[in-house]
Amino acid sequence: MIPITNEDIRGMVQPGRVMRRLYTDPDIFELELERIFGSAWIYVGHESQVAKPGDFLATRIGRKPLLLVRDVDGGLRLLHNQCAHRGAMVVASDGGHTNEFRCCYHGWTYHLDGRLKAAPLLHGYPPHFDPNNPRCAMLAVPRVASYRGFVFGSLAKDGPSLEDYLGYMTTSFDDMVDRAPGGALEVAGGVFKHTYKGNWKLYLENLCDAAHPLFVHQSSIDAARAQSDEVYSDGSGEIAIRQMRQNGAPYSFWEEHVGIWTYRNGHSFLGDYHDDSKLVAALNDPVFRDYIAAMENGKGKDKTKKILEVRRWNSNVYPNLSFMSQFQQLRVVHPLAVNETVVHTFCFRLKGAPARMFENTISFANTVNGTGSLVLTDDLEIYTRVGLGLSSAGSPWLEIGRGYAGDLPDTHGGRRGQNSTSEVYIRNMFDAWLALMTEGRDSDIPSPAPRESAEVQP
Amino acid sequence: MTLPQRSAQSRAQAAPFTVAECEAFLVREAQLLDDGRFDEWLALFTADAWYWVPIEPNQASPRDTISLIYDDRRLLETRVRRLASPRIYSQEPRSRTSRMIANLTIEENSAEACTVRSKFQLLEYRREAQRIFGGTARHRLVRHDDGIRIAWKRVDLVNCDAPHEGLVVPF
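Computed from a predicted model, the values in this text were never measured in an experiment. (Residues numbered from 1 in each chain as written. Chains lettered and ligands numbered in written order. Predicted model: local features only at pLDDT ≥ 70, side-chain atom pairs only at ≥ 80, totals over all residues.)

So, on to the overall build of chain B. The secondary structure content of chain B amounts to 4 helices and 6 strands. For chain B, the N- to C-terminal ordering of α and β elements is α-α-α-β-β-α-β-β-β-β. For 171 residues, the compact-globule estimate of 2.2 N^0.38 gives 16 Å, and chain B sits close to it at 17 Å. Overall, chain B is about 55 × 35 × 30 Å in size when its C-alpha atoms are taken along their principal axes. Within the span of chain B, comprising 171 residues, buried residues form 34% of the whole. (Helix = DSSP H or I, 4+ residues; strand = E, 2+ residues; numbered from the N terminus. Rg over C-alpha atoms; globule rule 2.2 N^0.38 Å. Buried ≥ 20, exposed ≤ 12 C-beta atoms within 10 Å, placed from the backbone.)

We now examine the interface of chain B and chain A. If you look at the interface, chain B gives 35 residues, while chain A gives 42 residues. For the side of chain B that touches chain A, the elements supplying multiple residues, two or more each, are β1 (45-54), β2 (67-72) and α4 (73-83) of chain B. Looking at which element gives the most residues to the side of chain B that touches chain A, the answer is α4 of chain B, with 8 residues. Residues of the side of chain B that touches chain A, tallied by class, amount to 14 nonpolar, 7 polar and 14 charged. (Contact = placed C-beta atoms within 7 Å. Nonpolar A, V, L, I, M, F, W, Y, C, P; charged D, E, K, R; others polar.)

One can find D285 of chain A in the loop between β15 (267-271) and α11 (289-299). Leave out the neighbours within four places in its chain, and D285 of chain A touches S277 and K278 of chain A.

This part is about the sheet that holds strand β22 (residues 415-416) of chain A. All names here are of chain A. As summarised here, the arrangement of the 9 strands in space is β13-β19-β18-β17-β16-β15-β14-β22-β21, forming an open sheet in which the pairing is antiparallel. Edge strands, defined here as strands with exactly one partner in the open sheet, are β13 (185-196) and β21 (408-409). Strand direction decides the pairing type here: strand β14 (residues 260-263) and β15, joined by 4 bridges, are antiparallel. In the sheet register, I260 faces β15, and the bridge partner there is L270. Sheet contacts for helix α13 (residues 355-368): β13, β18 (329-337) and β19 (340-350); angle to β19, the most-contacted strand, approximately 165 degrees. (Pairing = 2+ DSSP bridges. Axes fitted to C-alpha atoms, helices over the stretch in contact; angles between N-to-C directions.)

Let us look at the nonpolar core. Residues and elements named next belong to chain A. Formed by 145 residues in total, the largest nonpolar core has its most connected members in I42, Y43, V44, L66, L68, Y203 and M429. A per-element tally of this core places helix α15 (residues 424-439) first, with 9 residues. No fewer than three residues from each of domain 1 (42-147) and domain 2 (174-439) sit in this core. Ignoring any residue separated from it by four or fewer positions in sequence, one finds L68 in contact with V44, G45, V50, F56, L57, T59, L76, L78 and V151. (Core = buried A, V, L, I, M, F, W, Y, C linked by C-beta atoms within 7 Å. Domains from an automatic or database assignment.)

What follows is the structure, encoded as structure tokens:
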């Protein structure tokens, strides 16, 4: 194998286009795991999943199995799930509660922070071995940090703080949490795991893509539009069908009414495209009355109005997290191989909100993130089909230039598309990709032609 | 049809369901699905039916937990209509399926309705790859003027909580 130099890598990303090889080359993929997943802040779980001391959760960064643990002192630990003895995976379950970790192979046990607690037959080892050496442990990931309950880990010892890394995207997490009348979220309702035979980057590249629904989702848009509302529904189908109809918003709507905003380090969010009052709390349909009352009761009328007026659709945190505040969804993209990806999606319960809100969250999840959904299944087909197409010997360059000439500088160090069909968010992710792949640092937002930003962010 | 035959039929209808008639019904349902006759499959369901494929073993409710599929009657109609769309890219190419049903037992039985538990195996072939699904199905069957209808159907896959590629053809 000929080593891939930084110069090679820089040659793979040009204004408005990238090389096909970035999605197909196993050597590039290994470098991505090392340089992107090996240094950036990666989402590993939510604090509600490890609420009490002794709670633990199996998670991962890239392909590395990890444990997120609530230590006896209440602190969060992120441990490599590997025994210091012969390397067996210590915890085989998805999560649970314990006062120690014990390896099933020879009974080595560990404290919740990963330090070796005890091991049988500790005699006759050579001089290098010291059971009191802190390296003789289930080793901790160098950095773990939380922003408003969302926990991230970084395999790099040094780098920007989590808040610096997130930058203005902290406001999307605020939006997520502030919608809970009780001021907190909890993971609930199960996890979808879906897979496709394509590169991990394709997933986030699709989630702010305002130009794809009319094509990719045509079958579910047509079917939902033709559906009679007179037929029996227990409520779940109604949410689903309304959402599918909204996906049929015409190009003119996306071009004129919806925005796309991007920020340093590859992050972005898409504005909302919904005008169905049964799907958007801010539109004040009676279905949201109890929820809004609970919000106003805790936060007051003005603050509630401000919170609900924030209208973002997907917020993408580079490299592999996407979430959506209005129906409390979160997706984590796990790269398995250059053309194999698994995505885990979660729902959150808004503490203090009426039960019906969470039922709608579930219905929405089934519709948009469900493995058997009428919507997502066509997205998964596209990812696989891109994977298949890229295995051909067609053009070595892939285009990400839609709206390039209209990119505008924006507040908070960001850059936005002139309208929401711009691929600015993909270009922005590749700026971050390039910086991490070549220099292991944050990305700067390249300055587009200096023009005044006229619009205010949602 | 002669009078004595009609009375024999109404006597049969007043009796609880038999395993044989439930099996004939489930085999018929499987044939419709394997043949891609989804409109006829939909017609087997009652006007307020639901169709459920849980994502967790022993899942108690589709309301507070996600599901691989949970369709009320309205969404089931939309699902079936989409299956007929020429723009359903996740069915381009179309799947071919083959279903086996076995081990039928009737869990709850009366003259009007019964709950049938069965095992199934489903082969799905699409784009040079074959998937195997298996598990337990429960059908709530009710008598209707012109035959049996499904009031609800629950399908518990053995690997319900595994990572899956898209699930498009109904179980």
